[in-house]
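Chains, contacts and geometry: an overview
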Amino acid sequence: MSAVVERISQPVAAPVPRKAARRKSHFTPARLGLYALLVSSAVFFLLPLYVMLVTSLKPMEEIRLGQLFALPMNFTFEPWVQAWSTACTGLECRGIQVGFWNSVWIVVPSTIASIFFGALNGYALSFWRVRWAGWLFGVLMFGAFVPYQVMIYPLVRTLATVNLFGTLGGIVFIHTIFGMPVMTLLFRNYYAGVPIELFKAARIDGGGFWRIFFQLMLPMSLPIIAVAVIMQMTNIWNDFLLGLVFAGRDNLPMTVQLNNVINTTTGERLYNVNMAATMLTSMLPLAVYLISGRWFLRGITAGAVKG
Amino acid sequence: MSTTLPRPQPVRRKRAAAAQLALLPMALTVLGVYIGAVLWSVRISFSSSKIFPKNDFVGFSQYERLFATERWTVSLHNIAIFGVLFILACMVLGFFLAVFLDQRVRGENVLRTIFLYPYAMSFVATGLVWQWMLNPGLGIQAAVRNLGFPDFQFDWIVNQDKVIYTLVIAAVWQASGLVMAVLLAGLRGIDESLWNAARIDGVPRWRYYLSVVLPQLGPAFGTSFVLLAVGVVKVFDVVVAMTLGGPGNASEVPAKFIMDNLFNRANVGLASAASTVLLLTVLALLMPWWYARSVQSRKLGHS
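Note that the structure is predicted; figures quoted are calculated from it, not measured.

In this section: the overall build of chain A. Within chain A, the regular secondary structure consists of 15 helices and zero strands. By the burial criterion, 46% of the 307 residues in chain A qualify as buried. Sequence separation of at least 24 residues holds for 76% of the intrachain contacts in chain A that already meet a minimum separation of 6.

In structure tokens form, the structure reads like this:
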């Protein structure tokens, strides 16, 4: 466990290099079998992506032929255009672009707010002694496991009382609250690896709580902030339940709109448009994933190793 | 760099006022949301609330009503089957993928990217894609039949007895990458010299994995299990997207039951009872793990 924590607190270190004797390349049956298994697993994982892509580029006549895996014969981008600008998401038919912008408006403030509070909490917990903080932190960690359903109804009523229910501010607030446990844990683990001499030196230099935070700790936290941004952007963008309940009809995120487009249509189902809409919704998190690579992985293992 | 830095007494109490102020949001969140909202929900479960919360006290009658509701018992049954299959499949698949990737294969980065990308997608997208692929008339069943196997059957998604397995397939596709990532990180933390020593002793590689690697991966397995288990209890998005609980009630799950009763059917008291049961289940799952971890960290001298 300590090995993993150490790795987190050395964010720019590459994974432990393996020093083994150089083997000459060999193609034993075992080796070939290994590659065969890996490739077939890769096929299993890639299949839905392939089907999504291929279906979204076919006209409906081809889809009705029932050849799920065939490449498109009459290649067309029309389903994508339709999904983006004219698909029906409930009462209006302005396409899923509405959901896209709603999600952007939700994700950006929520990410910034939840990371700020996570960093602040992590910093205060790591370097300062506050009597009740340890206990509160413990309950916060426990809270990360509680299913949302247990807390949703009281939150709905509370937000309704202060007129925040169904507003953009409301959903950002909710995401900030529910992001606090993981973000606080992330930063606390990171700051645990910062030498206390640094902090003490800053104190001797006359730094107070806030000055040390903004001028020393935050700038030093860029690697973990990167990880946090990736985690929060992905998780908040992909969220469905909280957006469904708290965002209100004008701010429904893309995931909710996507479900509306596909599962609540009357008349003929346009499978190509559906798949195009699904791809559009998945593009941002997939892009973040592909670009961030190793950082995404770090986010998972850091968030996964609790305590 | 040691992680067991004992923190010498930081600050004088005066200066800590700023720290207290800074931690106020966290305090409010913990007290107001994680404790307050939970307690409030539990309180409502003991009342006869329908659309609006009522302040009366009806003992355990909501719970009795709950367990007499067929949709609820079906959902519990489903979540149990789903949970066992999903966790088992993810752990096994994740473990083998991690082990295979650890064999110094070429293209490891590409393969790892492929195995993990489903985890970056939303559950809704996953449910929708698999719903499409498992469509009997136009999906996999039709495609294979068109290839010349007219009797091929894969219409599980509209079959009341088999629909739960389709959910398992979609969920395993999404989450095995996560288990693989966690286990691979664990594998990479195992000292290479152990394998060299074992090889000198003539121990075959599979035996090495069985007797040396697996035990050392204990914590990683534990972490994966907890992550998966918590996900199982919460599973909602993928069901709504893929089957909407259908056909009929055949793929109903507790989280969806609660949401339906809370918002669509105005049965707040009943839904609160159900969510309390859900909470207790999560606690029951977590207690052994927390206990094991606190024992372990006490043994290692951390705090």
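Let's shift gears to the confidence of the model for chain A. All names here are of chain A. Of all residues in chain A, 89% have pLDDT values of 70 or greater, and the mean over the chain is 85. The element-level mean pLDDT for chain A is lowest in helix H1 (residues 2–9), coming to 48, with helix H5 (residues 97–127) highest at 93. For the stretch residues 1–7, pLDDT sits under 50, and the model shows 14 contacts to residues farther than four places along the chain or on other chains.

The subject of this paragraph is the packing of helix H6 (residues 133–143) of chain A against helix H2 (residues 24–45) of chain B. Geometry of a packed helix pair, given as the angle between the helix axes and the separation of the axes. Where H6 of chain A contacts H2 of chain B, the axes come no closer than 10 Å and their chain directions differ by 45°. It follows that H6 of chain A is oblique to H2 of chain B by the angle criterion. As H6 of chain A runs across H2 of chain B, the sense of the crossing is left-handed. For the pair H6 of chain A and H2 of chain B, the contacting residues are Leu136, Val139, Leu140 and Gly143 of chain A in the first and Met26, Ala27, Val30, Tyr34 and Ile35 of chain B in the second. Along the lines of polarity and charge, the residues of the contact of H6 of chain A with H2 of chain B split into eight nonpolar, one polar and no charged.

The next subject is the nonpolar core. One finds Tyr123, Ala124 and Ala277 of chain A together with Ala181, Leu183, Val238 and Ala274 of chain B to be the most contacted residues of the largest nonpolar core, which totals 166 residues. Element by element, the count of residues in this core is highest for helix H8 (residues 163–188) of chain B, at 16 residues. When residues of this core are sorted by domain, at least three fall in each of domain 1 (30–76) and domain 2 (97–304) of chain A.

Moving on, we get to the environment of Gly193 of chain A. Residues and elements named next belong to chain A. If you trace the backbone, Gly193 turns up in the loop between helix H8 (168–192) and helix H9 (196–204). Judged by the 19 C-beta atoms lying within 10 Å of it, Gly193 is partly exposed. Along the chain, Gly193 and Arg131 lie 62 residues apart, while their C-alpha atoms are 22 Å from each other.

Now for the domain arrangement of chain A. Residues and elements named next belong to chain A. Annotation of chain A at the domain level lists domain 1 (30–76) and domain 2 (97–304). The gap between the C-alpha centroids of domain 1 and domain 2 is 34 Å. Contacts between the two partners involve eight residues from domain 1 and, on the opposite side, seven residues from domain 2. Of all elements in the fold, only helix H2 (29–56) and helix H3 (60–63) reach the threshold of two or more residues within the side of domain 1 that touches domain 2. Tallying contributions element by element places H2 first for the side of domain 1 that touches domain 2, with four residues. Classifying every residue of the side of domain 1 that touches domain 2 by side-chain character gives five nonpolar, two polar and one charged.

Calculation criteria
Residues numbered from 1 in each chain as written. Chains lettered and ligands numbered in written order. Predicted model: local features only at pLDDT ≥ 70, side-chain atom pairs only at ≥ 80, totals over all residues. Helix = DSSP H or I, 4+ residues; strand = E, 2+ residues; numbered from the N terminus. Buried ≥ 20, exposed ≤ 12 C-beta atoms within 10 Å, placed from the backbone. Contact = placed C-beta atoms within 7 Å. pLDDT = per-residue confidence, 0-100. Axes fitted to C-alpha atoms, helices over the stretch in contact; angles between N-to-C directions. Parallel < 35°, antiparallel > 145°, perpendicular 65-115°, else oblique. Left-handed = near helix turned anticlockwise from the far one by under 90°. Nonpolar A, V, L, I, M, F, W, Y, C, P; charged D, E, K, R; others polar. Core = buried A, V, L, I, M, F, W, Y, C linked by C-beta atoms within 7 Å. Domains from an automatic or database assignment.

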